[in-house]
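# Structure at a glance
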Amino acid sequence: MLKHPQIILGIESSCDDSAVALYDMQRGLLGQCIYSQLQTHQPYGGVVPELASRDHLKKILPLIENILAEHQLTVKDLAAIAYTRGPGLIGSLMVGASIAESLGFALDIPVIGVHHLEAHLMATFLEYPQPTYPFLALLVSGGHTQLVQVKKFGNYEIIGQTLDDAAGEAFDKVAKLLGLSYPGGPQIAKLAQQGNPLRFNFPRPMLNQNNFNFSFSGLKTHVLLCYEKHEVDEQLKADIAAAFQEAVVDVLTEKSLKALKALKLKSLVVAGGVSANQQLRLALQTRIANAGYQIYFPKLEFATDNAAMVAITGFYRLAEAAQNYQIDVSARWPLGGSK
Ligand code: KG4
Ligand code: ZN
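Residues numbered from 1 in each chain as written. Chains lettered and ligands numbered in written order. Predicted model: local features only at pLDDT ≥ 70, side-chain atom pairs only at ≥ 80, totals over all residues. Heavy atoms only, no water.

This next bit is on the coordination of the zinc ion (ligand 2). Around the zinc ion (ligand 2), the protein supplies His116 (NE2), His120 (NE2) and Asp305 (OD) as donor atoms, at distances of 2.0 to 2.1 Å. Each donor residue of the zinc ion (ligand 2) belongs to the same chain, with the gaps between them written as H-x3-H-x184-D. One end of the pair, histidine 116, is in helix α4 (residues 116–122); the other, aspartate 305, is in the loop between β10 (294–296) and α10 (308–316), and 189 residues separate them in sequence. The pair formed by histidine 116 and aspartate 305 is uniform in burial state, with each residue classed as buried. (Donors = N, O, S within 2.8 Å, 3.2 Å for Na, K, Ca; no water. Helix = DSSP H or I, 4+ residues; strand = E, 2+ residues; numbered from the N terminus. Buried < 20%, exposed > 50% of the residue type's maximum accessible area, 1.4 Å probe, protein only.)

Spelled out as structure tokens, the structure:
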């Protein structure tokens, strides 16, 4: 019997993770493979764009071959290919787009260029129970911090965002200051376990302002001044990490709660790399879930950049898939904005 292809291949290459995933349109996610470029970038204390694109170029095709073989599939089983079209590092995006479009062209199947932040949002849909629309989304990644009103799939209204650093970026910068390696978020979270969050009372930027915007760059400066004022030892670093994390978590939690109330929404979807933070999860659970709201987090492996979220977004956007095979990316592409 002729089998109808029903698998979507997802490719993520927006920053420093080369990732691929297979999503079965009937059975859901089959699996994903990630190659983290951490070792390439760690000596430089941050992502080096040129090195990132070269790594993607070396890794993505072997990752695709591996994941297909792992599931006893071949490219002939693919019904469509989804890749991250933006926002992200232009060279890295180009690698994912070129591979997706050329493979799609060779196989004569549709290709879908997906939005990275929409994909982060859809990561929570890989899990059951899935969120129900409408909901408020707190998108917290290395490049973005946004509160978004989501009325239905694809309908996004950004109601607040950071005016300067993103939450993840602030974690990364404070980590660097404390001599921790990149990416800083998980390192700060780990060090904070040994720290006393009450030793320093860092500011909660914009918490009492009547809007849903954020600002983290002043907090970062405050941390720097505090660090310079004290004798540096391991305890100081841990206390700073704990107090900094507490300040960020407080702002994210309180602003989300305010927005839920103001927009009369009942559920919150948290997405992006910072949503992996356990203190943030705990604070949202205790202050928001306990206030009667539904709260949805991605599974930890789908919180930071991955291709499973790209593949499922491709599934939801399949109707818009094109077969014109143009290698087309967008380094800056606002959520909900035109391509
Ligand atoms: O979504 P993501 O993987 O990539 C972007 O789209 O930017 O997010 C990466 C960001 C980095 O800034 C990283 O430090 C932060 O997420 N991050 C964390 C944690 N895990 C990753 N921040 C705080 N706590 C964590 N556990
Ligand atoms: Zn991301």
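Read on, since the account is not over.
Moving on to the pattern of salt bridges. Considering all chains together, one arrives at 15 salt bridges under this definition. Residue aspartate 55 is joined to lysine 58 by a salt bridge in which the shortest nitrogen-to-oxygen separation is 3.9 Å. Of this pair, aspartate 55 and lysine 58 both sit in helix α2 (residues 49–70), 3 residues apart, roughly one helical turn. Aspartate 55 sits in the buried class, given a relative accessible area of 7%. (Salt bridge = Lys/Arg side-chain N within 4 Å of Asp/Glu carboxyl O.)

Judged by how many residues are buried, strand β6 (residues 135–140) sits mostly within the fold: 6 of 6 residues are covered. The sheet contact formed by β6 and strand β7 (residues 145–152) spans 6 bridges and is antiparallel. What sits directly across from phenylalanine 135, in β7, is valine 150. Between β6 and β7, which follow one another and run antiparallel, lie 4 residues. The pairing of β6 with strand β9 (residues 267–271) spans 4 bridges and is parallel. Its bridge partner being in β9, leucine 139 is matched across the sheet by alanine 271. (Pairing = 2+ DSSP bridges.)

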